[in-house]
Amino acid sequence: MKEFQYVIQDPVGIHARPAGLLVRKAAEYKCQVTITSDGKSADAKKLLKLMSLGVKQGMEVTCTLEGEDEDAAYEGMQQFFKENL
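This structure is a prediction, so every number in the text was calculated from the model and none was measured. (Residues numbered from 1 in each chain as written. Predicted model: local features only at pLDDT ≥ 70, side-chain atom pairs only at ≥ 80, totals over all residues. Heavy atoms only, no water.)

As a further point, take helix α3 (residues 70-84). Counting along an α-helix, one turn takes 3.6 residues, and residues three or four places apart therefore face a common direction. A rise of 1.5 Å per residue sets the reference length of α3, with its 15 residues, at 21 Å; its end C-alpha atoms lie 20 Å apart and thus fit the reference within 8%. Listed in full, the buried residues belonging to α3 are E70, A73, G76, M77, Q78, F80 and F81. (Helix = DSSP H or I, 4+ residues; strand = E, 2+ residues; numbered from the N terminus. Expected span 1.5 Å × (residues − 1). Buried < 20%, exposed > 50% of the residue type's maximum accessible area, 1.4 Å probe, protein only.)

See below:
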């Protein structure tokens, strides 16, 4: 299992557009990708669950990766967060 923390920089947080992009990115990997914020967790491959977290700018999220390609997912998801969120 691997995980990293990231503070959301996007002015409107994880809203529809970036959430959709995040779901597509997470779906590229076989491992389980979980986003946790403010004590709530969601499967990053499920759009409505992800949006239900209500993540806003300045909030810290933890991205947990667990499974067969977690190393590749760790690198890819970190890059995605830096470029999009």
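Residues P18, A19, G20, L22, V23, K25 and A26 constitute the buried set of helix α1 (residues 16-26). Buried-residue contacts for α1 involve β2 (32-37), α2 (47-51) and α3. (Contact = heavy atoms within 4.5 Å.)

Contact geometry of α1 with α3 gives a least axis separation of 11 Å together with a crossing angle of 165°. Classified by the angle their axes make, α1 and α3 are roughly antiparallel. The two elements α1 and α3 cross, and the hand of that crossing is right-handed. Touching P18, L21, L22, K25 and A26 of α1 are G76, M77, F80, F81 and N84, all from α3. When the residues that make up the contact of α1 with α3 are grouped by side-chain class, the tally is 7 nonpolar, 2 polar and 1 charged. (Axes fitted to C-alpha atoms, helices over the stretch in contact; angles between N-to-C directions. Parallel < 35°, antiparallel > 145°, perpendicular 65-115°, else oblique. Left-handed = near helix turned anticlockwise from the far one by under 90°. Nonpolar A, V, L, I, M, F, W, Y, C, P; charged D, E, K, R; others polar.)

The next point concerns the pairing of β2. Direction of pairing for β2 relative to strand β4 (residues 60-66): antiparallel, over a ladder of 5 bridges. What sits directly across from Q32, in β4, is E66. Bridge count for β2 against strand β3 (residues 40-43) is 4 bridges, and the pairing is antiparallel. When the bridges of β3 are listed, T34 appears paired with D43. What sits between β2 and β3 in their antiparallel hairpin is a turn of 2 residues, with D38 showing a positive phi close to 55°. (Pairing = 2+ DSSP bridges.)

Read from one edge of the open sheet, 4 strands run β1-β4-β2-β3, paired in antiparallel fashion. The open sheet has two edge strands, β1 (2-7) and β3, and neither has a second partner. Going across the sheet, the axis of each strand differs from the next one's by a mean of 20°, ignoring polarity. Where α3 meets the sheet, it contacts β1, β2 and β4, and its direction lies at approximately 5° from that of β1.

Here the focus is the side chain of E70. With respect to the helices, strands and loops of the structure, E70 is situated in helix α3. This buried residue, E70, is left without a salt bridge; K2 holds the nearest opposite charge, at 6.0 Å. Engagement of the side chain of E70 in a polar contact is seen with the backbone nitrogen of M1, the distance being 3.1 Å. Setting aside its immediate chain neighbours within four residues, E70 contacts M1, K2, C31 and L65. (Lys, Arg positive; Asp, Glu negative; His and termini not counted. Salt bridge = Lys/Arg side-chain N within 4 Å of Asp/Glu carboxyl O. Polar contact = N/O pair within 3.5 Å; in protein donor to acceptor, adjacent residues only side chain to side chain.)

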